[in-house]
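Residues per chain, in single letters:
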Amino acid sequence: MPDFDVIIVGGGLAGLTLALALTRTNTLTKAGNPIKVAVFEKKNYPFHRVCGEYIAMESWAFLERLGVPLTDMQLPKINKLRVSAPNGNYFSDEMTSGGFGISRYTLDNLLAQIAVSQNVTLFQNTTVENVVFLEDKNAQIITSNGTFGAKIVCGAFGKKSNLDVQLKREFVENTKTATQNYVGVKYHISLDNFPKDLIELHNFKNGYCGISAIEEDKTCLCYLT
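Only a predicted model underlies this, so the values are computations on that prediction, with no experimental measurement involved.

## Topic: helix α3 (residues 104-117)
- Its 14 residues place the ends of α3 20 Å apart at the C-alpha level, agreeing with the 20 Å of an ideal helix rising 1.5 Å per residue.
- Every buried residue of α3 is listed here: Arg-104, Leu-107, Asp-108, Asn-109, Leu-110, Leu-111, Ala-112, Ile-114 and Ala-115.
- Where α3 terminates, the next one or two residues include Asn-119, which has phi positive at roughly 70°.

Okay, structure coming up:
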């Protein structure tokens, strides 16, 4: 028998929320038992991710249903937008629904803790090296921490990863070299006068930079170039 009903490769927002959604639906196996879910993450929580940290308000209710106490966290609500062009011109506007600011360092770690409390098996510091599909329609997941079996495997990892290469997925083979020549950088900084309700996107030659408020009076500054 497989070790798990569902194995999720990747412990970011997609992987962790999927794991929690599966446990919260009270889904049962054919034998009448709660489904066994495992998440494999190659890093240890908490850790930073290089990305913007603005989340649309449409996600607020969903995250709270999963157990994230957003209302109690006093997060900055963002409803204003300013976008600039490389020549210095810019426009500003208000957003109808807007969003909120929270770092991935905080959010991913909260989701991981909730997942463990909901009986999700969480493997940290574990790299998935290959997925082998068997004749009985189950799968073997080969990792740096051993081999595991699953009925269903869900990929929730970054596109063009080493696992994509291992699985010989077509979009990896057709990737143009130019798309690999970008670098992303993120800082958490302190600013005295930056409005908490504003997100800015500044375009420059060969890239763009975003800046918006997150928790604990910090500001996320992230750019791609």
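So much for the structure itself; the text now carries on.
## What about unusual backbone geometry?
- Omega for the peptide link from Tyr-45 to Pro-46 comes to -10°, which places this bond in the cis form.
- Relative to the helices and strands, Pro-46 is located in the loop between β2 (37-40) and β3 (54-56).
- Even without a glycine there, the phi angle at Asn-119 is positive, about 70°.
- Within the element layout of this structure, Asn-119 appears in the loop between α3 and β6 (121-123).
- Positive phi, close to 60°, is recorded for Asp-217, a residue that is not glycine.
- In this fold, Asp-217 is placed in the loop between β12 (207-213) and β13 (219-224).

## Focus on the layout of surface pockets
- Size it by volume and the largest pocket reaches roughly 930 Å³.
- Lining the largest pocket we find 30 residues, and of these Lys-42, Phe-157, Gly-158, Lys-159 and Ser-161 sit closest to its centre.
- When residues of the lining of the largest pocket are traced back to their parent elements, those giving at least two are α1 (13-24), β7 (128-133) and α4 (162-166).
- Looking at the lining of the largest pocket residue by residue, the class counts come to 11 nonpolar, 11 polar and 8 charged.
- In this structure, the second largest pocket encloses a volume near 270 Å³.
- Forming the boundary of the second largest pocket are 17 residues, of which Gly-52, Tyr-208, Gly-210, Cys-222 and Tyr-223 lie nearest the centre.
- Those elements that provide at least two residues to the lining of the second largest pocket are β10 (184-189), β11 (198-204), β12 and β13.

## A word on the packing of aromatic side chains
- Applying the stated criterion across every chain, the model contains 6 aromatic pairs.
- With a centroid separation of 6.2 Å and an interplanar angle of 90°, the aromatic rings of Phe-4 and Phe-123 are classed as edge-to-face. You can see Phe-4 sitting in strand β1 (residues 4-9) and its partner Phe-123 sitting in strand β6, a full 119 residues away along the chain.
- Judged by its relative accessible area of 9%, Phe-4 falls in the buried class.
- According to the relative accessible area criterion, Phe-123 is buried, its value standing at 15%.
- Taking 4.4 Å as the distance between ring centres and 0° as the angle between the ring planes, the aromatic pair formed by Phe-40 and Phe-123 counts as stacked. Taken together, the positions of Phe-40 in strand β2 and Phe-123 in strand β6 put the pair 83 residues apart, joining distant regions of the chain.
- Judged by relative accessible area, Phe-40 falls into the buried class, the value being 2%.
- Joined through ring pairs, the aromatic side chains of Phe-4, Phe-40, Phe-123 and Phe-148 make up one cluster.
- Looking at Lys-36, its charged tip hangs above the ring of Phe-4, at a distance of 5.8 Å from the centre.

## Looking at α1
- In this model α1 runs 16 Å from its N-terminal to its C-terminal C-alpha over 12 residues, within 8% of the 16 Å that 1.5 Å per residue would give.
- Restricting attention to buried positions, one finds in α1 the residues Gly-15, Leu-16, Thr-17, Ala-19, Leu-20 and Thr-23.
- Looking at the buried positions of α1, the neighbouring elements they touch are β1, β2, α2 (60-65) and α3.

## A word on the side chain of Thr-219
- Here Thr-219 is to be found in strand β13.
- For Thr-219, a relative accessible area of 1% puts it in the buried group.
- The residues contacting Thr-219, other than those within four sequence positions of it, are Tyr-187, His-188, Ile-189, Leu-191, Phe-194, Ile-211, Ser-212, Ala-213 and Ile-214.

## Some details on the pairing of β12
- The element β12 is extensively covered by neighbouring structure, given that 6 of its 7 residues are classed as buried.
- Bridge count between β11 and β12: 6 bridges; the pairing is antiparallel. Paired with Ile-199 across the two strands is Ser-212, which belongs to β12.
- Two successive antiparallel strands, β11 and β12, enclose a turn made up of 2 residues, where Asn-206 displays a positive phi of approximately 70°.
- Taken together, the 6 bridges between β12 and β13 define a ladder with antiparallel strand orientation. Residue pairing in the sheet places Ser-212 in a bridge with Cys-220 of β13.
- A loop of 5 residues connects β12 with β13, the two strands running antiparallel in sequence, and Glu-216 in this loop sits at a positive phi of about 60°.

What counts, and where the lines are drawn
- Residues numbered from 1 in each chain as written.
- Predicted model: local features only at pLDDT ≥ 70, side-chain atom pairs only at ≥ 80, totals over all residues.
- Heavy atoms only, no water.
- Helix = DSSP H or I, 4+ residues; strand = E, 2+ residues; numbered from the N terminus.
- Expected span 1.5 Å × (residues − 1).
- Buried < 20%, exposed > 50% of the residue type's maximum accessible area, 1.4 Å probe, protein only.
- 1 Å grid on protein atoms, 1.4 Å probe; cavity = no way out; pocket = protein on both sides within 12 Å on 5 of 7 lines; lining within 4 Å.
- Points joined across faces, edges and corners; volume = space filled by probe spheres on them.
- Nonpolar A, V, L, I, M, F, W, Y, C, P; charged D, E, K, R; others polar.
- Phe/Tyr/Trp six-rings, centres within 6.5 Å; stacked < 30°, edge-to-face > 60°.
- Lys NZ or Arg CZ within 6 Å of the ring centre and 35° of its normal.
- Contact = heavy atoms within 4.5 Å.
- Pairing = 2+ DSSP bridges.

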